[in-house]
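# Commentary on secondary and tertiary structure
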Amino acid sequence: MTAQLIGTIILWLIVAIIAIAIIVYLVNWLYRRSSKEVSFVRTGLFGERVVINGGAFVLPIIHDITPVNMNVLQMSVARARDDAIITKDRMRVDIDADFYVRVAPTRDAVALAAATLGRRTMEPERLHALLSGKFVSALRSVASEMNMIEMHEQRGTYLQRVKIAASEALAQNGLELETVALTDLDQT
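Quick caveat, the model's predicted, so the values are computed rather than measured.

## Some remarks on the pairing of strand S2 (residues 38–44)
In this structure, S2 lies alongside strand S5 (residues 63–69), joined through seven bridges in antiparallel fashion. By the bridge assignment, Arg42 is partnered in S5 with Ile65. Alignment of S2 against strand S3 (residues 49–51), held across three bridges, turns out to be antiparallel. Note on S3: the bridge partner recorded for Phe40 is Val51.

Here you go:
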């Protein structure tokens, strides 16, 4: 083996190592992975792609991503005094309720949440401000069909009906209601 041949082999090895390093850097920079806590929707070239468990290449100018929070979020609603809930028997009731909401872990729900809520899923305060009206509406509509004694003695029934009413409204945003907890119920 001549010195010229050895020099050529070493040169090609160095070029190959540099090329591999550049490719690894580009893949690391362009490939985005979702996690159990955050999925994303990639839009742009080749249409919409929902990534729940996995990853996708995201080209900076060609694609845009919308992250979607997959965690359960607690949203508290308190109605008291002037804002109290009015029951069927015209009693004013102070209510504190906690709603536990999350994005349903399906491709359609994640796409719908990204389209209707956008990045608000990553900001619980903004999401709460947007959804609190739906929760209050569900609490009020069910309370208007029950008197205060029924609400107190049949809390499970009241909460189940509130959950059904709120779930229908939340489904329009790709969200699902895990549970509703009534933390306080008292006459105003």
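## Side note on the packing of helix H3 (residues 124–143) against helix H5 (residues 155–171)
Running from amino to carboxyl end, H3 crosses H5 at an angle of 140 degrees, the nearest separation of the two axes being 9 Å. With respect to their mutual orientation, H3 and H5 come out oblique. When you trace H3 past H5, the crossing you get is right-handed. From H3, Leu131, Lys134, Phe135, Ala138, Leu139, Val142 and Ala143 reach across to H5, where they touch Tyr158, Arg161, Val162, Ala165, Ala166, Ala169 and Leu170. For the contact of H3 with H5, the class distribution of residues is twelve nonpolar, no polar and two charged.

What counts as what
- Residues numbered from 1 in each chain as written.
- Predicted model: local features only at pLDDT ≥ 70, side-chain atom pairs only at ≥ 80, totals over all residues.
- Heavy atoms only, no water.
- Pairing = 2+ DSSP bridges.
- Helix = DSSP H or I, 4+ residues; strand = E, 2+ residues; numbered from the N terminus.
- Axes fitted to C-alpha atoms, helices over the stretch in contact; angles between N-to-C directions.
- Parallel < 35°, antiparallel > 145°, perpendicular 65-115°, else oblique.
- Left-handed = near helix turned anticlockwise from the far one by under 90°.
- Contact = heavy atoms within 4.5 Å.
- Nonpolar A, V, L, I, M, F, W, Y, C, P; charged D, E, K, R; others polar.

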